[in-house]
Amino acid sequence: MRDVAIVAFAQTAHRRRTDELSEVDLLMPVLHEVLGATGLKANEIGFTCSGSADYLAGRAFSFTMALDGVGAHPPISESHVEMDGAWALYEAWVKIMTGEADTALVYSYGKSSPGEVRDVLSRQLDPYYLAPLWPDSVALAALQAQALIDAGDTDETALAEIAARSRADATANPYAQLTGDVPAGDHLVHPLRTGDCPPIGDGAAAVILAAGDTARALCARPAWIRGIDHRIEAHSLGVRDLTDSPSTRLAAQHAGAFERPADTAELHAPFTSQEVVLRKALGLGDDTRVNPSGGALAANPVMAAGLIRLGEAAARIHRGESDRALAHATSGPCLQQNLVAVLEGESAHV
Amino acid sequence: MTDVLSAPLVVEFPFTRSLGPVQSAFLTGLRERTVLGVRTDDGTVLVPPVEYDPVTASELRELVEVAATGTVTTWAWNPSPRRNQPLDTPFAWVLVRLDGAATALLHALDAPGPAAVHTGMRVRIRWAATRTGAITDIACFEPYDGEAGPGQPAPHEGEFADPVTGIAAPARLDYVHTPGRAQSAYLKALEGHRTVGERCPACRKVYVPPRGACPTCGIATEEEVEVGPRGTVTTFCIVNIKAKNLDIEVPYVYAHIALDGADLALHGRIAGIPYDQVRMGLRVEPVWAEGARHPDHYRPTGEPDADYDTYKELV
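From a predicted model like this one, the values you see are computed outputs, not experimental measurements.

What follows covers helix H4 (residues 85-97) of chain A. Residues and elements named next belong to chain A. Its 13 residues place the ends of H4 18 Å apart at the C-alpha level, agreeing with the 18 Å of an ideal helix rising 1.5 Å per residue. Along H4, ten of the 13 residues are buried, which leaves the element largely enclosed by surrounding structure. Of all the positions in H4, only Gly85, Ala86, Trp87, Ala88, Leu89, Tyr90, Ala92, Trp93, Ile96 and Met97 are classed as buried. Its side-chain oxygen placed 2.8 Å from the backbone nitrogen of Ala86, Asp84 serves as the N-cap of H4.

Here's what the structure looks like:
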């Protein structure tokens, strides 16, 4: 088995809208930042993988427009997932583990501003029983929140505290879109208030992965990926216990998350209620710092927010602020698909 | 900063899908006011039914009829219904476990307000007046305080006259598309019958239309360069199939044209010359129709053909 690490991470300052920027305009600064941090040239990267969604842009093959930013000519080894960039990172990790590359550039981006993201996301639902009813992303999260309240797992006050803690932590995050004292607001879909929901915005992120000694040469303190796994739940919401996330727990188990406690967890929980589910699934106690970046409640560029969780966790290891961190990404309604990675700094690997 | 263009972009599609045996029976049943579930190997009844067991993946075909009454397992009050949602007045989203079923169905509940809704409340189906074999044949749920349905769901053959075998789920999403700085500048120049590209600061290539980045160097292009109006045919094809909604007689010629000063060929139609006389190296110029936002076609300039070496890198 090879050792693979995240050696660089960059993200945009996330904003409500970026009309003046095309996708490639949005991406190029973060691509240049991670390349600059490692000293790698675009043509030295072994594998490039990206995540995005055509439905956000409303155009087929929209990701091809972004490829100009990575210097795709002369030809490079490249792939794309129609999903959050966390899954692109997983593909790149596999590529490195199989020995087909020593370095990988992973990026993802999402501009939610052109459309109505609540409606756009409803098109990813089962087309027979769900999509014709147009249940929007907030409505589905609210059904999960009410199930948690009925089960006694949380209440509206506890949810508001999650929102307040996240936005307070985000004041130290220069890239966050929604920070500080954000009012709980009115019910958007009961029991979720506007404050329980993520901001809608545009943004991008990029990371560089590298194997073994290459990683050590590129980064003073690489964030080693000790384990990474992703799992999915049954498609039908009515089959699932919405108060739990067995797929997160299983992914975490396979990633080795339960072998030792982590000091940090970056959880991809766009809604306050989802943090409750994830804390339970991952068995997180008070000794784990959850979402010091502010999490997706502070910035939720769709398709990049999960990759940002991996990047934020890695960056804390790079800076020496964490020795062992969990990173989680989700996709689909009510935490349908979940990815968990365990990241460690060198000193923790005794 | 150049002003950035924006325009409405509507993505609309019918999303036509065929149904398997279980979904066909379920949706046809709704048309006939009959709710069917499917029984798994361990006796669990799934509503809405699926063709494969979500736990064991074994094939499921044993249909049963469940009641049109049920219990709310979770809910969410929607004060501002959005376009296409089941009700246009405030309503509750609900997951309902129909009597006889072990799993829950998502739908809308018509209720006067959130105070009238709670988990565990009893509800029943309100059928749509016009039913076609779709999940929307259930107009919504409504509060119900009558008797519970039969405890044990009855076996059902799933056979109906004129079964529904497919659905057409229309979808429409509205966007406001903004093409960004480089393409906005390109489109604005076209309004003045000018074609502009952008030069890469590193490799000095001029890209037309500009997309804001050099695909070779992976860096931003910013220097605007006017190219053309004349250009050279680098390659072409003869189109013999008449396209729908296109008022051009076949055969016609579709070509790659390297405008003078550009390092990338763009596409255009060639006219004003018999189709079988178009050739690589032909010198052409744009022809604009009245009020058009892009050249209608390109025609020969009458100049001698360009030497192959002058455009071979652009073929």
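That was the structure; now back to the text.
Of note, Glu344(A) is situated in strand S12 (residues 337-344). A polar atom in the side chain of Glu344(A) sits 2.4 Å from the side chain of Arg260(A).

This part is about the environment of Glu233(A). Residues and elements named next belong to chain A. Tracing the chain through its elements places Glu233 in the loop between strand S8 (223-232) and helix H9 (246-255). Glu233 gets classed as buried once you look at its relative accessible area, which sits at 11%. Sequence-wise, Glu233 and Ser247 are 14 residues apart; in three dimensions their C-alpha atoms are separated by 6.0 Å. The contact partners of Glu233, leaving out residues within four places of it in the chain, are Arg240, Ser245, Pro246, Ser247, Thr248, Leu335, Gln336 and Asn338. Within the local environment of Glu233, its side chain forms a polar contact with the side chain of Ser247, the two groups lying 2.4 Å apart.

Glancing now at the packing of H9(A) against helix H10 (residues 272-282) of chain A. All names here are of chain A. Where H9 contacts H10, the two axes come as close as 8 Å, and the packing angle between them is 40°. Our classification of the angle between H9 and H10 gives oblique. The two elements H9 and H10 meet at a crossing, and its hand is right-handed. In contact with Thr248, Arg249 and Ala252 of H9, H10 contributes Leu278, Lys280, Ala281 and Leu282. Of the residues in the contact of H9 with H10, the class split is four nonpolar, one polar and two charged.

Turning our attention to the sheet that holds strand S5 (residues 62-66) of chain B. Residues and elements named next belong to chain B. Taken together, four strands build an open sheet; the order of strands is S4-S3-S5-S11 and the sheet is antiparallel. Of all the strands in the sheet, the pair left with one neighbour each is strand S4 (45-46) and strand S11 (154-155). Two elements, strand S3 (residues 35-39) and S4, share two bridges in a ladder whose sense is antiparallel. The residue bridging Val38 from the neighbouring strand is Leu46, located in S4. Contacting S3 and S5, helix H1 (residues 21-31) runs over the sheet at an angle of about 155° to S3.

Moving on to the interface of chain B and chain A. Taken together, the contact pairs 61 residues of chain B with 53 residues of chain A. Buried area between chain B and chain A, both sides added, is near 4700 Å², and the carbon and sulfur share of it is 62%. Summed over the three residues of chain B that lose the most area to chain A, namely Arg82(B), Tyr175(B) and Arg211(B), the buried surface amounts to 14% of that side. Applying the counting rule to chain B against chain A returns three salt bridges. Of the charged contacts, one joins Glu116(A) and Arg82(B) as a salt bridge, the two residues approaching to 3.2 Å between their closest N and O atoms. Between the two partners, chain B and chain A, sit 19 residue pairs in polar contact (both at pLDDT 80 or more). If you list the elements that add at least two residues to the side of chain B that touches chain A, you get strand S1 (7-13), strand S2 (16-18), H1, strand S6 (69-78), strand S7 (91-98), strand S8 (105-109), strand S13 (171-177) and helix H2 (180-191) of chain B.

All names here are of chain B. Inspection of the secondary structure assignment puts Pro114 in the loop between S8 and strand S9 (122-127). Overall, the relative accessible area of 34% leaves Pro114 in the partly exposed class. Along the primary structure Pro114 and Trp77 are separated by 37 residues, whereas in three dimensions their C-alpha atoms are 5.8 Å apart. Those residues in contact with Pro114 that sit more than four places away from it in its chain are Trp75 and Trp77.

On to the packing of aromatic side chains. On inspection of all chains with the given rule, the structure shows seven aromatic pairs over all chains. Between Phe61(A) and Phe63(A), the ring centres sit 6.4 Å apart and the planes meet at 45°, which makes this aromatic pair tilted. Residue classification places Phe61(A) among the exposed residues on the basis of a relative accessible area of 56%. Considering the side-chain rings of Tyr90(A) and Trp93(A), the 5.6 Å spacing of their centres and the 45° angle between planes classify their relative orientation as tilted. Here Tyr90(A) and its partner Trp93(A) are both found in helix H4, three residues apart, which amounts to about one turn of the helix. An aromatic cluster of three or more residues is present, and its members are Tyr55(A), Phe13(B) and Phe15(B). The ring of Trp134(A) has Arg123(A) lying over it, and the distance from NZ or CZ to the ring centre is 3.4 Å.

All names here are of chain A. Within the open sheet, the ten strands sit side by side as S3-S2-S4-S7-S1-S8-S12-S11-S9-S10. Their pairing is mixed. Strands at the two margins of the open sheet, each flanked by one partner only, are strand S3 (78-81) and strand S10 (289-290). Summarising the sheet, strand S2 (residues 47-51) and S3 pair through four bridges and their orientation is parallel. Bridge pairing links Ser50 to His80 in S3. Together, strand S1 (4-11), strand S4 (103-111) and strand S7 (202-211) form the strand contacts of helix H1 (residues 23-38), whose direction differs from that of S7 by roughly 30°. Lying on the sheet, helix H11 (residues 305-318) is in contact with S1, S4, S7, S8, strand S9 (264-266), S10, strand S11 (324-331) and S12; it crosses S1 at an angle near 110°.

A few words now on the pairing of S2(A). Residue and element names in this part refer to chain A. For S2, a buried count of five out of five residues is recorded, marking the element as mostly surrounded by other parts of the structure. Burial along S2 is two-sided: Phe47, Cys49 and Gly51 and Thr48 and Ser50, pointing in opposite directions, are all buried. Here S2 runs beside S4; their pairing, made up of five bridges, is parallel. Note that in S4 the partner of Thr48 across the bridge is Leu105.

What follows deals with unusual backbone geometry. The linkage connecting His73(A) with the following residue, Pro74(A), adopts the cis geometry, with an omega of 0°. By secondary structure assignment, the location of Pro74(A) is in the loop between helix H3 (63-66) and S3. Across the junction of His190(A) and Pro191(A), the peptide omega takes the value 10°, indicating a cis bond. Position of Pro191(A) relative to the elements: it lies in the loop between strand S5 (187-189) and strand S6 (192-193). Within the chain, Trp134(A) stands out as a residue other than glycine whose phi angle is a positive 55°. A positive phi angle, close to 70°, is found at Arg204(B), a residue other than glycine.

Cut-off values and rules
Every chain's residues receive numbers from 1 upward, in the order its sequence appears when written. Labels follow written order: the first chain is A, the first ligand is 1, and so on. Per-residue local features are limited, in this predicted model, to residues with pLDDT of at least 70; the limit for side-chain atom pairs, both in listing and counting, is 80 or more; totals at the level of whole chains, interfaces and linings are taken over all residues. Side-chain figures throughout are based on the complete set of non-hydrogen atoms in the structure, without hydrogens or water. Secondary structure elements follow DSSP: runs of H or I no shorter than four residues count as helices, runs of E no shorter than two count as strands, and numbering proceeds from the N terminus. In a helix, the anticipated span is given by 1.5 Å times the number of residues less one. The cut-offs for exposure are 20% and 50% of the maximum accessible area for each residue type, with area from a 1.4 Å probe on protein chains only; residues under the lower value are buried, those over the upper are exposed, and the others partly exposed. Polar contacts here mean pairs of N or O atoms no more than 3.5 Å apart (in protein, one a potential hydrogen donor and the other a potential acceptor; neighbouring residues in sequence count only if both atoms are side-chain atoms). Contacts were defined at the residue level, with two residues in contact if any of their heavy atoms lie within 4.5 Å. The convention used is that axes are lines fitted to C-alpha atoms, helices contributing only their stretch in contact, and that angles between N-to-C directions extend from 0 to 180 degrees. Relative orientations are named as follows: roughly parallel for angles under 35 degrees, roughly antiparallel for angles over 145 degrees, roughly perpendicular for angles from 65 to 115 degrees, and oblique for any other angle. Put simply, a crossing is left-handed when the front helix is turned counterclockwise from the back one by less than a right angle, and right-handed when it is turned clockwise. Residue polarity is assigned by list, with Asp, Glu, Lys and Arg as charged and Ala, Val, Leu, Ile, Met, Phe, Trp, Tyr, Cys and Pro as nonpolar; anything else, Gly included, falls into the polar class. When DSSP finds two or more bridges between two strands, those strands count as paired. By convention, the term buried area covers the 1.4 Å-probe accessible surface removed from two parts as they join, with the contributions of both added. By definition, a salt bridge exists where a carboxyl oxygen of Asp or Glu is found within 4 Å of a side-chain nitrogen of Lys or Arg. Ring pairs are drawn from Phe, Tyr and Trp, using the six-membered ring of Trp, whenever the two centres fall within 6.5 Å, and their geometry is named by plane angle: stacked under 30 degrees, edge-to-face over 60, tilted for the rest. In this analysis the charged atom, NZ for Lys or CZ for Arg, is taken to sit over a ring once it is within 6 Å of the ring centre and within 35 degrees of the ring normal.

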